[in-house]
Amino acid sequence: MNIQNVEPLSVQVGKFLLSKGLGLASATGFAEKLKKRDVVGILKKFPNEKPRTYFLGFIKRAPLRMFLGVIWFRNEARSANEQRWVFEVQGKENLNFAKELAEEMAQTFDVKIVFRLECEKEVEEKDSSNFEFPLYP
């Protein structure tokens, strides 16, 4: 009996996105590594964005990226399955890039990809430093 070690779909797609210079995120926009799941978030660098510096330049931090959206592989409520993915795009100005990316993915993975515009404006990647915590409860 020959048992093949087949990578989960999210890992295959994640590797594809990384090869295109894109980053991976959770469904809510937090950066993350390759994981087996039913959804992959996509992060894209903002053009001409420079690292942020703090404390007179002693601390540098990579700039936040654009949260392009999420691709659902399996989600009954969204009518997504392994043959029909749903790409929820963040930001109207990202639709052309997302369509080009989806066309390439559709050919590579032999699937149909459906688009949904989730938000009119661009959305930044989420980061724990985006949230302010009160000093006193």
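Remember, it's a predicted structure, so these values are computed and weren't measured experimentally. (Residues numbered from 1 in each chain as written. Predicted model: local features only at pLDDT ≥ 70, side-chain atom pairs only at ≥ 80, totals over all residues. Heavy atoms only, no water.)

### What to know about the overall build of the protein
Here comes step 1: Counting secondary structure elements, the protein contains two helices and seven strands.
Here comes step 2: Ordered by position from the N terminus, the helices and strands of the protein form the series α-β-β-β-β-β-β-α-β.
Here comes step 3: In the protein, buried positions account for 37% of the 137 residues.
Here comes step 4: In the protein, 58% of the contacts between residues at least 6 apart in sequence involve partners at least 24 apart. (Helix = DSSP H or I, 4+ residues; strand = E, 2+ residues; numbered from the N terminus. Buried < 20%, exposed > 50% of the residue type's maximum accessible area, 1.4 Å probe, protein only. Contact = heavy atoms within 4.5 Å.)

### Details of the pattern of salt bridges
Here comes step 1: Enumeration according to the criterion identifies nine salt bridges in this entry.
Here comes step 2: Among the salt bridges present, the one from Lys-35 reaches Glu-32, with a minimum N-O distance of 3.8 Å.
Here comes step 3: On the basis of relative accessible area, Lys-35 is assigned to the partly exposed category, the value being 41%.
Here comes step 4: The closest approach of N and O atoms between Glu-32 and Arg-37, which form a salt bridge, is 2.8 Å.
Here comes step 5: A relative accessible area of 30% means that Arg-37 is categorised as partly exposed.
Here comes step 6: Shared partners join several salt bridges into a network, and the residues in it are Glu-32, Lys-35 and Arg-37. (Salt bridge = Lys/Arg side-chain N within 4 Å of Asp/Glu carboxyl O.)

### Comments concerning a nonpolar patch on the surface
Here comes step 1: A cluster of nonpolar residues, Phe-55, Leu-56, Phe-58 and Ile-59, forms a patch on the protein surface that exposes about 580 Å² of accessible area.
Here comes step 2: As for its placement among the helices and strands, Leu-56 is situated in the loop between β3 (52-54) and β4 (59-61). (Patch = residues over 30% accessible without salt bridge, like charges linked within 9 Å, V, L, I, M, F, W, Y side chains within 5 Å. Areas by Shrake-Rupley, 256 points an atom, 1.4 Å probe, with all protein chains shown as cover.)

### With respect to the pairing of strand β6 (residues 84-90)
Here comes step 1: Burial within β6 is extensive, with six of its seven residues counted as buried.
Here comes step 2: Note: strand β5 (residues 66-72) against β6, four bridges, orientation antiparallel. Its bridge partner lying in β6, Val-70 is registered against Glu-88.
Here comes step 3: The pairing of β6 with strand β7 (residues 112-119) spans seven bridges and is classified as parallel. The residue bridging Trp-85 from the neighbouring strand is Ile-113, located in β7.
Here comes step 4: The parallel pair β6 and β7, bridged by helix α2 (residues 95-109), forms a crossover whose chirality is right-handed. (Pairing = 2+ DSSP bridges. Right-handed = clockwise from strand over helix to strand, strands pointing away.)

### A look at the packing of aromatic side chains
Here comes step 1: Tallied over the full model, the rule gives four aromatic pairs.
Here comes step 2: With a centroid separation of 4.9 Å and 80 degrees between ring planes, the pair formed by Phe-73 and Trp-85 is classed as edge-to-face. With Phe-73 in the loop between β5 and β6 and Trp-85 in strand β6, the pair connects residues that are twelve residues apart, well separated along the chain.
Here comes step 3: Under the relative-accessibility criterion, Trp-85 is labelled buried at 0%.
Here comes step 4: Pairing Phe-87 with Phe-115 gives two aromatic rings, centres 5.6 Å apart and planes at 25 degrees, and the pair type is stacked. Of the two residues, Phe-87 is situated in strand β6 and Phe-115 in strand β7; the sequence distance between them amounts to 28 residues.
Here comes step 5: For Phe-87, a relative accessible area of 0% puts it in the buried group.
Here comes step 6: Note on Phe-115: relative accessible area 28%, which makes it partly exposed.
Here comes step 7: Here a set of aromatic residues connected by ring pairs shows up, and it is made of Phe-16, Phe-73, Trp-85 and Phe-109.
Here comes step 8: One cation-aromatic arrangement involves Lys-44 over Phe-97; the distance from NZ or CZ to the ring centre is 3.9 Å. (Phe/Tyr/Trp six-rings, centres within 6.5 Å; stacked < 30°, edge-to-face > 60°. Lys NZ or Arg CZ within 6 Å of the ring centre and 35° of its normal.)

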